[in-house]
Amino acid sequence: MALRAAILRHIRVPARTLALDGSRMQAWNLFNSIRSMSSHDDHIDKAEVIERVLSVVKSFPKVDPSKVTPDVHFQKDLGLDSLDNVEIVMAIEEEFKLEIPDKEADKIDSCKLAIEYVYNHPMVG
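Residues numbered from 1 in each chain as written. Predicted model: local features only at pLDDT ≥ 70, side-chain atom pairs only at ≥ 80, totals over all residues. Heavy atoms only, no water.

The chain carries the name Acyl carrier protein in an unreviewed UniProt entry, which gives Nelumbo nucifera as its organism. As recorded by UniProt, the Pathway (unreviewed entry) comment attached to the chain reads in full: "Lipid metabolism; fatty acid biosynthesis." Listed under Subcellular location (unreviewed entry) in UniProt, the entry text for the chain is "Mitochondrion". (UniProt positions renumbered as here; feature names shortened; annotations may be inferred.)

Chemist: Describe helix H3 (residues 46-58), naming the residues involved and giving the relevant values.
Modeler: Working note: α-helix, 3.6 residues per turn, so residues spaced by three or four point in the same direction. With 13 residues, H3 extends 18 Å from end C-alpha to end C-alpha; this agrees with the ideal 18 Å at 1.5 Å per step. Against helix H4 (82-96) and helix H6 (111-120) lie the buried residues of H3. (Helix = DSSP H or I, 4+ residues; strand = E, 2+ residues; numbered from the N terminus. Expected span 1.5 Å × (residues − 1). Contact = heavy atoms within 4.5 Å.)

Chemist: Quick one: what's the story with the pattern of salt bridges, residue by residue and with numbers?
Modeler: This structure, assessed with the given rule, holds 5 salt bridges. Taking the shortest distance from any N to any O, the salt bridge between Glu-95 and Arg-52 comes out at 2.8 Å. Here Arg-52 lies in helix H3 and Glu-95 lies in helix H4, a separation of 43 residues in the sequence. The class of Glu-95 is partly exposed, set by a relative accessible area of 31%. For the salt bridge of Lys-62 with Asp-84, the shortest nitrogen-to-oxygen distance reads 3.1 Å. On the criterion of sequence distance, the pair formed by Lys-62 in the loop between H3 and H4 and Asp-84 in helix H4 is long-range, its members being 22 residues apart. Asp-84 sits in the buried class, given a relative accessible area of 3%. (Salt bridge = Lys/Arg side-chain N within 4 Å of Asp/Glu carboxyl O. Buried < 20%, exposed > 50% of the residue type's maximum accessible area, 1.4 Å probe, protein only.)

Chemist: How would you explain the confidence of the model for the chain if you had to name every residue and give the values?
Modeler: For the chain, the mean per-residue pLDDT works out to 80, and 66% of the residues sit at or above 70. Low pLDDT, under 50, characterises residues 22-40; the predicted model gives this stretch 24 contacts beyond four residues in sequence or across chains. (pLDDT = per-residue confidence, 0-100.)

Chemist: Before we move on, could you go through the nonpolar core and cite the residues and values that matter?
Modeler: The biggest cluster of nonpolar side chains holds 27 residues, and the ones touching the most others in it are Val-57 and Phe-96. Of all the secondary-structure elements, those providing two or more residues to this core are H3, H4 and H6. Leaving out residues up to four positions away in the same chain, Phe-96 has contacts with Ile-44, Val-49, Arg-52, Val-53, Val-118 and Val-124. (Core = buried A, V, L, I, M, F, W, Y, C linked by side-chain atoms within 4.5 Å.)

Chemist: Break down the side chain of Asn-85 for me, with residues and values.
Modeler: Assignment of secondary structure puts Asn-85 in helix H4. Among the residues examined, Asn-85 registers a relative accessible area of 8% and is labelled buried. Asn-85 has contacts with Phe-74, Gln-75, Ile-108 and Asp-109, leaving out every residue within four places of it along the chain.

Chemist: Give me the lowdown on the packing of H3 against H6, citing residues and values where you can.
Modeler: Put simply, H3 and H6 touch, their axes get as near as 9 Å, and they point 130 degrees apart. Considered as vectors, H3 and H6 are oriented oblique to each other. At the point where H3 passes H6, the crossing takes the right-handed sense. Contacts from Lys-46, Val-49, Ile-50, Val-53, Leu-54 and Val-57 of H3 reach H6 at Cys-111, Ala-114, Ile-115, Glu-116, Val-118 and Tyr-119. Grouping the amino acids of the contact of H3 with H6 by side-chain chemistry returns 10 nonpolar, no polar and 2 charged. (Axes fitted to C-alpha atoms, helices over the stretch in contact; angles between N-to-C directions. Parallel < 35°, antiparallel > 145°, perpendicular 65-115°, else oblique. Left-handed = near helix turned anticlockwise from the far one by under 90°. Nonpolar A, V, L, I, M, F, W, Y, C, P; charged D, E, K, R; others polar.)

In structure tokens:
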């Protein structure tokens with residue numbers, strides 16, 4: 001309870017503020033107030049995620065860059081093994097400055113899945 005109180009003392013979100021502006025009233029929407037403080041304002045667009053993920057995969061030593069597309073599968077299309085897969089996921093983590101849990105990292109076996117994971121990650125910006 002003390003932690004909650006300490007946090008709430010530093011957060012200021014008006015539930016609804018009315019101000020008279022000449023003859024009209026202006027209402028500030030709670031959503032807009034929260035949105036202005038959101039970390040998602042600087043979320044990168046999908047095209048940039050695609051470009052950066054493909055760049056990471058193309059720069060991997062065992063990969064022929066001409067074979068890399070947004071839909072390429074690491075093992076089936078590029079002939080990489082599971083260790084290479086882990087190294088690519090680690091390189092993607094480093095590129096985007098995020099940590100992918102092992103359970104999620106094990107599922108990322110293609111550029112398509114890597115792009116979707118990174119794009120949907122809330123801390124990417």
